[in-house]
Amino acid sequence: MKRFLLSALSVMILLSLGACWSPSGSTPDQKRTAIDNMQNETLSKLYSQRPEARDIIAKAAGYAVFSNINAQVLFLGGAGGYGVAVNQTSGDKTYMKMAQVDVGLGVGLHDIRVVFVFLSAQAFNNFVNRGWEFGAQADAAAKARDKGAAATGEVSIDAETTMYTMSESGLMAKVNLAGTKYWRDNTLN
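Everything in this summary refers to the structure shown in the same document. This one's a predicted model, so the numbers in the text were calculated from it and none came from an experiment.

What the rule picks out here adds up to 9 aromatic pairs. Here Phe66 and Tyr182 contribute two aromatic rings whose centre-to-centre distance is 4.8 Å and whose plane-to-plane angle is 65°, an arrangement assigned as edge-to-face. With a gap of 116 residues between them, Phe66 in strand β1 (residues 62–87) and Tyr182 in strand β6 (residues 161–184) connect regions that are remote in the sequence. The two residues Phe66 and Tyr182 agree in class, both being buried.

Let us now look at the side chain of Asp111. With respect to the helices, strands and loops of the structure, Asp111 is situated in strand β2 (residues 93–118). One polar contact links Asp111 to Arg113, side chain to side chain, over a distance of 2.6 Å.

What follows concerns the environment of Thr161. Considering the arrangement of structural elements, one finds Thr161 in strand β6. Assessed through its relative accessible area of 7%, Thr161 is described here as buried. Sequence separation between Thr161 and Tyr63 is 98 residues; the distance between their C-alpha atoms is 9.1 Å.

Here helix α2 (residues 28–49) spans 31 Å end to end across 22 residues, near enough to the 32 Å set by a 1.5 Å rise per residue. Looking only at α2, the buried set comprises Ala34, Ile35, Asp36, Met38, Gln39, Thr42, Leu43, Lys45, Leu46 and Tyr47.

Basis of the calculations
- Residues numbered from 1 in each chain as written.
- Predicted model: local features only at pLDDT ≥ 70, side-chain atom pairs only at ≥ 80, totals over all residues.
- Heavy atoms only, no water.
- Phe/Tyr/Trp six-rings, centres within 6.5 Å; stacked < 30°, edge-to-face > 60°.
- Helix = DSSP H or I, 4+ residues; strand = E, 2+ residues; numbered from the N terminus.
- Buried < 20%, exposed > 50% of the residue type's maximum accessible area, 1.4 Å probe, protein only.
- Polar contact = N/O pair within 3.5 Å; in protein donor to acceptor, adjacent residues only side chain to side chain.
- Expected span 1.5 Å × (residues − 1).

Take a look at the structure:
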């Protein structure tokens, strides 16, 4: 009975977050504008917290900025979000979605921004066309509005890709394995 209640609670939480996993706006143009605004705000915040990131991104082949909401209830969690990948050579933008499945111990709700920096065109193209990431995570954050503790982290995924993460709000403590899929948003491209 406890497992059933826990599973039902997890599903209800994840389904209720569905509305948070898409950009605001009712038309594709409004959604693209909302994503572009999120991108600009995220990069401004990153540059103020990590000034060296501005030069790294300027020299990169491309970058991607994502907003996602992550929920975790005991052994099951998930996340969803949206973002944009920018080809620095052509200036072309690819609007994308993301989804994540977490398996591991944790509890909480966390709103984060992720910035991927691709040092080569091949790394950028692989991300836009394949978009998978898999990894282990350990997280602890507590933040509400401008109060709380949450750091901007930088992680090298491989020799050609760096990822920055920033907490927007929420409370989360978890240790888990996560599989994340990023893909093109066909309605916005």
